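One-letter residues, chain by chain:
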Amino acid sequence: MRYVEKYKNEVNEFLSVCRMLGERVYVTSHGGNLSWRLDDNILLITPTKMYKGSIGPEDLVFIDLKGKKLEGSKNPSGETPMYLTFFQERPDINAVIHCHPPYTNSFAITKGTNTLMRPVFPETVVEVGPVPIVPYAEPLTQKLADSFKPFLQKYNAFLMESHGLVIMSSGSIGRVFELTDILETSSISILQALAIGEIKEISKDEVRNLENTMRTRKIPMHGNPALNGSLVDLYYPE
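Structure report, in brief. As the structure is a computational prediction, the values presented were derived from the model and not from experiment.

## Looking at the layout of surface pockets
In this structure, the largest pocket encloses a volume near 250 Å³. Along its surface, the largest pocket is lined by 20 residues, and N156, S169, S170, I219 and P220 are the ones closest to its centre. Of all the elements in the fold, those that place two or more residues in the lining of the largest pocket are β8 (164-169) and α8 (173-196). The dominant element in the lining of the largest pocket, judged by the number of residues it contributes, is β8, at three residues. Partitioning the lining of the largest pocket into residue classes produces ten nonpolar, six polar and four charged. Taken as a whole, the second largest pocket spans an internal volume of roughly 210 Å³. Residue lining of the second largest pocket: 15 residues in total, with H30, N33, T48, K49 and L140 positioned closest to the centre.

This is the structure in C-alpha cells:
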C-alpha cells in the first residue's frame, strides 16, 4: 500500500493545514514548508517550488530521516536539511511548520528588544513559550539548519532573522497550525500596544503559577522536556 493511502487521515490534515496557511497569508508564492513525522523513519514533507495553498495529495513527498525519498513524484522542500536536523536533534517533536506570518515576522526584521521573548499573554506563555531570534543564514543550506542548534533544545518556536517563523510540537501538524495562530494573534496585539505605549509583562510569580495550568492541561515544558525545568528558567534566565 502506498504511504499516501496508508496515512490517508494524516494526509488530509496535512493538506488542510497547507490550505489554511495560504488562506491566512502565512505563506505566499513558493515560500514556507511543513513536515510531519508519521513513523520512526517516515516524514511527510511539502514539495519544493509549489504554493502551499494549491498542493494536492499527488504532490506530497515521503522521506526518511536521512532525506532519502520513499514516495512522491516531486522533490522534497529545499529546506529538507533543516527538517532533518529538527527531527534528529529533537526526537520528542513530531510536526514542524515554517511560514511567514506577517505580524510575527515583523520581529524578525526589527532591531532592539524582541518582545516575543517576554511573558505578555498567558496563553502564549503556556502554549508557545519564548521565541528567540536565530541568526541569519542562507536559506536552503546546512548552515541555516546548524544555526538552530544553540536554541533547539530550549525552545519550540524560533524566528529566523530576516526570514520567517519555525514552530514545532510533539502533537499533530494541525496542532502546530493552532500554535502559529496563537503567536500571530499575540504579535498583532503586541505591535498595536507598542504603537500607543509600553508593554506590560506578566510577573515572575505569575509566570511560575502558569506551570499549574500546564500541568492541568498536560502540556509538556517547552523545548526538550527532559532538559528544561520551568517557565521561570525560560523567561528569566540567570
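## Comments concerning helix α2 (residues 8-23)
For α2, spanning 16 residues, the distance from its first C-alpha to its last is 23 Å, which sits close to the expected 22 Å at 1.5 Å a residue. Within the span of α2, buried status applies to V11, F14, L15, V17, C18, L21 and G22. Down the axis of α2, the buried set is contained in an arc of 155°. They therefore lie on one face. The outward face of α2, more than 90 degrees from its buried face, is lined by the exposed residues N9 and E23. Where α2 is buried, its residues touch α1 (3-6), β1 (33-39), β2 (42-45), β3 (61-63), β5 (95-99) and α8. Once α2 ends, the next one or two residues include V25, with phi positive near 60°.

## Considerations on the sheet that holds strand β7 (residues 157-160)
Read from one edge of the open sheet, eight strands run β4-β3-β2-β1-β5-β8-β7-β6, paired in mixed fashion. Looking along the sheet, the strands with just one partner apiece sit at the ends: β4 (69-71) and β6 (133-134). Sheet strands in contact with α8 are β1, β5 and β8, and its direction is about 130° off that of β8.

## Observations regarding the nonpolar core
L21 and I97 are the most contacted members of the largest nonpolar core, which has 39 residues in total. When contributions to this core are tallied by element, the ones reaching two or more residues are α2, β1, β2, β5, β7, β8 and α8. Once residues within four sequence positions are removed from consideration, L21 is found in contact with Y26, V27, L34, I97, C99 and F177. Ranked by size, the runner-up nonpolar core spans 36 residues in total, among them F87, M160, I202 and M221.

Rules and cut-offs
Residues numbered from 1 in each chain as written. Predicted model: local features only at pLDDT ≥ 70, side-chain atom pairs only at ≥ 80, totals over all residues. Heavy atoms only, no water. 1 Å grid on protein atoms, 1.4 Å probe; cavity = no way out; pocket = protein on both sides within 12 Å on 5 of 7 lines; lining within 4 Å. Points joined across faces, edges and corners; volume = space filled by probe spheres on them. Helix = DSSP H or I, 4+ residues; strand = E, 2+ residues; numbered from the N terminus. Nonpolar A, V, L, I, M, F, W, Y, C, P; charged D, E, K, R; others polar. Expected span 1.5 Å × (residues − 1). Buried < 20%, exposed > 50% of the residue type's maximum accessible area, 1.4 Å probe, protein only. Arc of directions from axis to C-beta. Contact = heavy atoms within 4.5 Å. Pairing = 2+ DSSP bridges. Axes fitted to C-alpha atoms, helices over the stretch in contact; angles between N-to-C directions. Core = buried A, V, L, I, M, F, W, Y, C linked by side-chain atoms within 4.5 Å.

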